[in-house]
Amino acid sequence: MSLGRIFSEVFSIPEKTVNDSLDLRDISSWDSMSHMMLIARVEEAFAVEFTGDEIADFRTVRDIREAVSQRETR
Amino acid sequence: MRLAIMQPYFLPYLGYFQLMAAVDKIALLDDANFINGGWINRNRIAVQGKPHWLTLPLAKASQNRLINEIEIVDDQLWKRKIIRSVELSYQSAPFAGQVLPLLSEILQEARGSLSAFLFYQLRCLADYIGIPTQIERTSVRYPKDALTGQRRILDICIREGASTYVNPLGGRALYDAELFASAGIKLLFLDPDFSGLTLRHGGQEGPCLSILDLLMFNPVIAVREATEMFRLSPS
């Protein structure tokens, strides 16, 4: 599953609107609980685990994409 | 006393109940604006392994209205459809015999105020799982005045005499720990730890579906244990 698809499902936004510069807090359906649901979905889909600081500091789609990529290349 | 404050969700996922289990009291922020496309009036179950929405039909829902100003459409048809949909999806699940009557009981109260119903269903689910946390509604107990954001949260903490405020980790950037410390309130952030989760579930999304899904496939004691699988960290 793609990152865009996960964003689309968690926040009910069109997948085509999900781009790297999208700021999570600009999504009207974002809140701290849905943020955690997003993280759980990404961790499950990509078999990764983020640190607490990463989870708290994720602001954009790019932040999450890069964190996933870093783990995939390790 | 540990306090959490969160918008009410409909049949929420495991993480919501972890927040509830982490505190002595949770205040449902029902005098916040309704969120279209959010989780206040809908959630997902698994139908043949794929996510399927269960949605509470609302009258005149809008992001310009507060949650506690919105009403549920009073009609038996949609309730029967939801129950039928869950029945068909989970007919062979081992705990369907316990969970379906619970869902029917919950949905029987789905009329009138959305906020009152969300309070009721969270109380029912928490009782079923065995979470004794007190639940309040902000609109009923805490005057809003002109406060917003973390100032409102802090005001509720002070009114409650809370020693600790717990929020999901995803909201850490929204809070100023020094502001809370100056009022004698400790900030803690909850990070669900699903890594050791061995619960069965009906879809690929694991614990991110409605708690109904986990309750259908697992003994309630196992779900209760899963509500304690989190880390709390200071800011």
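Residues numbered from 1 in each chain as written. Chains lettered and ligands numbered in written order. Predicted model: local features only at pLDDT ≥ 70, side-chain atom pairs only at ≥ 80, totals over all residues.

As for the overall build of chain B
Part 1: A tally of regular secondary structure across chain B gives nine helices and 11 strands.
Part 2: Its C-alpha atoms give chain B a radius of gyration of 18 Å, near enough to 18 Å, the size a compact globule of 235 residues would have.
Part 3: Each of the three principal axes of chain B carries a C-alpha extent, and together these read 55 × 40 × 25 Å.
Part 4: Burial status across chain B gives 46% buried among its 235 residues. (Helix = DSSP H or I, 4+ residues; strand = E, 2+ residues; numbered from the N terminus. Rg over C-alpha atoms; globule rule 2.2 N^0.38 Å. Buried ≥ 20, exposed ≤ 12 C-beta atoms within 10 Å, placed from the backbone.)

Notes on the overall build of chain A
Part 1: On a plain count of helices and strands, chain A comes out with four helices and zero strands.
Part 2: Of the regular secondary structure in chain A, the N- to C-terminal order runs α-α-α-α.
Part 3: Computed over C-alpha atoms, the radius of gyration of chain A comes to 11 Å, within 12% of the 11 Å expected from 2.2 N^0.38 for 74 residues, which places it in the range of a compact globule.
Part 4: Among the 74 residues that make up chain A, the fraction classed as buried is 31%.

Side note on the interface of chain B and chain A
Part 1: Each side of the interface is counted separately: chain B has 28 residues, and chain A has 19 residues.
Part 2: Listed by contribution, the elements that provide at least two residues to the side of chain B that touches chain A are α1 (14–21), β9 (164–168) and β10 (186–192) of chain B.
Part 3: Here the side of chain B that touches chain A gets three residues from one element, more than from any other, and that element is β10 of chain B.
Part 4: When the residues that make up the side of chain B that touches chain A are grouped by side-chain class, the tally is 13 nonpolar, 12 polar and three charged. (Contact = placed C-beta atoms within 7 Å. Nonpolar A, V, L, I, M, F, W, Y, C, P; charged D, E, K, R; others polar.)

Here's the deal with the environment of Val18 of chain A
Residue and element names in this part refer to chain A.
Part 1: With respect to the secondary-structure elements, Val18 resides in the loop between α1 (3–11) and α2 (32–46).
Part 2: For Val18, a count of 18 C-beta atoms within 10 Å gives the class partly exposed.
Part 3: Spatially, the C-alpha atoms of Val18 and Phe46 are 18 Å apart, while their sequence positions differ by 28 residues.
Part 4: Not counting the four nearest positions on each side in its chain, Val18 is found in contact with Gly4, Phe7, Ser8, Ile13 and Val61.

Some words on the pairing of β10 of chain B
Residues and elements named next belong to chain B.
Part 1: Taking burial as the measure, the seven residues of β10 include five buried ones, the bulk of the element.
Part 2: In this structure, β9 lies alongside β10, joined through five bridges in parallel fashion. Of the residues in β10, the one forming a bridge with Val166 is Leu188.
Part 3: What joins β9 to β10 is helix α7 (residues 177–182), and the crossover it makes is right-handed.
Part 4: Judged from the five bridges that link them, β10 and strand β11 (residues 230–234) form a sheet pairing that is antiparallel. Each bridged residue has a counterpart across the sheet, and for Pro192 the counterpart in β11 is Phe230. (Pairing = 2+ DSSP bridges. Right-handed = clockwise from strand over helix to strand, strands pointing away.)

With respect to unusual backbone geometry
Outside of glycine, negative phi angles account for most residues, and trans bonds account for most peptide bonds.
Residue and element names in this part refer to chain B.
Part 1: At Gln48, a residue that is not glycine, the phi angle is positive and equals roughly 50 degrees.
Part 2: Here Gln48 lies in the loop between β3 (42–47) and β4 (50–55).
Part 3: Residue Gln48 is classed as exposed on the basis of its 9 C-beta neighbours within 10 Å.
Part 4: Unusually for a residue other than glycine, Lys60 sits at a positive phi of about 55 degrees.
Part 5: Topologically, Lys60 is positioned in the loop between β5 (58–59) and β6 (71–72).
Part 6: Overall, the presence of 9 C-beta atoms within 10 Å leaves Lys60 in the exposed class.

Side note on the sheet that holds β9 of chain B
Residue and element names in this part refer to chain B.
Part 1: In spatial order, the strands read β8-β2-β1-β9-β10-β11; together these six strands make up an open sheet with mixed pairing. The two strands at the open ends of the sheet, each matched to only one other strand, are β8 (134–137) and β11. Between one strand axis and the next, the sheet turns by 30 degrees as a mean value, whatever way the strands run.
Part 2: Two strands pair when backbone bridges link them, and strand β2 (residues 25–28) and β8 are joined in this way by four bridges, in the parallel orientation. Across the sheet, Ala27 pairs through a bridge with Glu136, a residue of β8.
Part 3: Together, β1 (2–6), β2, β9, β10 and β11 form the strand contacts of α1, whose direction differs from that of β10 by roughly 145 degrees. (Axes fitted to C-alpha atoms, helices over the stretch in contact; angles between N-to-C directions.)

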